[in-house]
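Here is how the chains run, residue by residue.
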Amino acid sequence: GESVGLHLPTLSVQEGDNSIINCAYSNSASDYFIWYKQESGKGPQFIIDIRSNMDKRQGQRVTVLLNKTVKHLSLQIAATQPGDSAVYFCAETFNQAGTALIFGKGTTLSVSS
Amino acid sequence: EPEVTQTPSHQVTQMGQEVILRCVPISNHLYFYWYRQILGQKVEFLVSFYNNEISEKSEIFDDQFSVERPDGSNFTLKIRSTKLEDSAMYFCASNTPGAPYEQYFGPGTRLTVT
């Protein structure tokens, strides 16, 4: 059954604002939690991952936070740009090659300028 | 930058017909995957493939589905007798052993079963 899900189906922000996209997961045994971005008409694209033994990881303009106590994952996008408009999926997997990514339902981020 | 490619971009077929969806993974990748996405829903795992064998498959991947790597570059998904509910976007993905969380997805094939 589904083990990864998102709190809100849509999020609308103004260009330049910070965006926070949330996700709740249920499988504490997963080794990695990941965020993927899917632009219209394209396949999912990897953004950032976090290992289960970490609570924060930063990338370029993005930060992922993992709260294992409440099984919550979030993606923060700084200074959101129109090009960030897409559907964002959280996913989880195990640290084993060839293992499935288990995706949650997406959040559609709309950035207006 | 190398990318996963898929053909065709859109396939329309009648219920009961066989379809083959084709993918060319990134050349130095060793693990290959198929996922599907029904319109407006989440991406669902179907199967993973390594060293000419299925590594893992989901409940969706029943006897109607099969995968093959017919040569050194192509990776195919066959649906033997399509059903209306098989209508979806089908994504191929690939990756290397070192980063199981980072899979590279193709643009997808939209399958429409009428």
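Residues numbered from 1 in each chain as written. Chains lettered and ligands numbered in written order. Predicted model: local features only at pLDDT ≥ 70, side-chain atom pairs only at ≥ 80, totals over all residues. Heavy atoms only, no water.

**Description of the pairing of strand 9 (residues 86–93) of chain A**
Residue and element names in this part refer to chain A. A large share of strand 9 lies buried, amounting to 7 of its 8 residues. Across 7 bridges, strand 4 (residues 32–38) lies against strand 9 in antiparallel orientation. Bridge pairing in strand 9 links K37 to Y88. Examined bridge by bridge, strand 9 and strand 11 (residues 107–112) share 3 bridges and lie antiparallel to one another. Among the inter-strand pairings, Y88 is bridged to a residue of strand 11, identified as T107. (Buried < 20%, exposed > 50% of the residue type's maximum accessible area, 1.4 Å probe, protein only. Helix = DSSP H or I, 4+ residues; strand = E, 2+ residues; numbered from the N terminus. Pairing = 2+ DSSP bridges.)

**Observations concerning the nonpolar core**
If you look at the biggest cluster of nonpolar residues, it comprises 22 residues, and the most contacted ones within it are W34, L46, F61, V67, F75, L77 and Y90 of chain B. For this core, the secondary-structure elements that each account for two or more residues are strand 3 (19–24), strand 4 (31–37), strand 5 (43–50), strand 7 (65–68), strand 8 (75–79), strand 9 (88–95) and strand 11 (109–113) of chain B. Among all residues touching F61 of chain B, those that are not within four sequence positions of it are L46, V47, I54, S66, V67 and L77 of chain B. Counting 20 residues, the second largest nonpolar core, distinct from the first, contains F103 of chain A together with F91, A93 and A99 of chain B. (Core = buried A, V, L, I, M, F, W, Y, C linked by side-chain atoms within 4.5 Å. Contact = heavy atoms within 4.5 Å.)

**A word on the environment of Q11 of chain B**
Its location among the elements puts Q11 of chain B in strand 2 (residues 10–13). Q11 of chain B sits 103 residues away from T114 of chain B along the chain, and the two C-alpha atoms are 11 Å apart.

**A few points about the packing of aromatic side chains**
This structure, assessed with the given rule, holds 18 aromatic pairs over all chains. A ring pair is formed by Y25 of chain A and F33 of chain A, whose centres lie 4.3 Å apart and whose planes are at 40°; its orientation type is tilted. The exposure class assigned to F33 of chain A is buried, which follows from its relative accessible area of 2%. Here the aromatic rings of Y36 of chain A and F46 of chain A are separated by 6.0 Å at their centres, their planes lie at 80°, and the arrangement is edge-to-face. Taken together, the residues span a long stretch of sequence, with Y36 of chain A in strand 4 and F46 of chain A in strand 5 (residues 45–51) at a distance of 10 residues. In this pair, the class of Y36 of chain A matches that of F46 of chain A, namely buried. What links up through ring pairs into an aromatic cluster is the set Y32, Y36, F46, F89 and F103 of chain A together with Y33, Y35, F45, F91, Y101 and F105 of chain B. (Phe/Tyr/Trp six-rings, centres within 6.5 Å; stacked < 30°, edge-to-face > 60°.)

**Looking at the interface of chain A and chain B**
With 24 residues of chain A in contact, the opposing surface of chain B contributes 20 residues. Both faces considered, chain A and chain B share a buried interface measuring about 1700 Å² in area, 62% of it formed by carbon and sulfur atoms. Considering only the surface of chain A that becomes buried against chain B, A97, G98 and F103 of chain A emerge as the three largest contributors, covering 28% of it. The tally of links between chain A and chain B comes to 0 salt bridges. For the pair chain A and chain B, the number of links is 8 residue pairs in polar contact (both at pLDDT 80 or more). If you list the elements that add at least two residues to the side of chain A that touches chain B, you get strand 4, strand 5 and strand 9 of chain A. For the side of chain A that touches chain B, the element with the most residues is strand 4 of chain A, which contributes 4 residues. Residue composition of the side of chain A that touches chain B, grouped by class: 11 nonpolar, 9 polar and 4 charged. (Buried area = accessible area lost by both parts, 1.4 Å probe. Salt bridge = Lys/Arg side-chain N within 4 Å of Asp/Glu carboxyl O. Polar contact = N/O pair within 3.5 Å; in protein donor to acceptor, adjacent residues only side chain to side chain. Nonpolar A, V, L, I, M, F, W, Y, C, P; charged D, E, K, R; others polar.)

**A word on the state of the cysteines**
The final tally for this structure, using the stated rule, is 2 disulfides over all chains. There is a disulfide in this structure between C23 of chain A and C90 of chain A, and the S-S distance comes to 1.9 Å. On the S-S bond that ties C23 of chain A to C90 of chain A, the torsion sits near 60°, and the link is right-handed. Within this pair, whereas C23 of chain A is found in strand 3 (residues 19–25), its partner C90 of chain A is found in strand 9, the two being separated by 67 residues in sequence. Of the two residues, C23 of chain A and C90 of chain A, both sit in the buried class. Here C23 of chain B engages in a disulfide with C92 of chain B; their sulfurs sit 1.9 Å apart. (Disulfide = S-S within 2.5 Å.)

**A few points about the confidence of the model for chain A**
In this model, chain A carries an average pLDDT of 92, and 94% of its residues clear a pLDDT of 70 or more. Highest mean pLDDT in chain A belongs to strand 6 (residues 56–58) of chain A (98); lowest belongs to strand 1 (residues 4–6) of chain A (60). (pLDDT = per-residue confidence, 0-100.)

**Regarding unusual backbone geometry**
For the bond from T7 of chain B to P8 of chain B, the omega torsion is -10°, close enough to zero to count as cis. Located in the positive-phi region is R61 of chain A, a residue other than glycine, with phi close to 65°. Note on placement: R61 of chain A falls in the loop between strand 6 and strand 7 (62–67). Take R61 of chain A: its relative accessible area is 30%, and that puts it in the partly exposed class. For K71 of chain A, which is not a glycine, the phi torsion comes out positive at approximately 55°. Examined against the element boundaries, K71 of chain A turns out to sit in the loop between strand 7 and strand 8 (72–77). Accessibility expressed as a relative area gives 30% for K71 of chain A, which makes it partly exposed.

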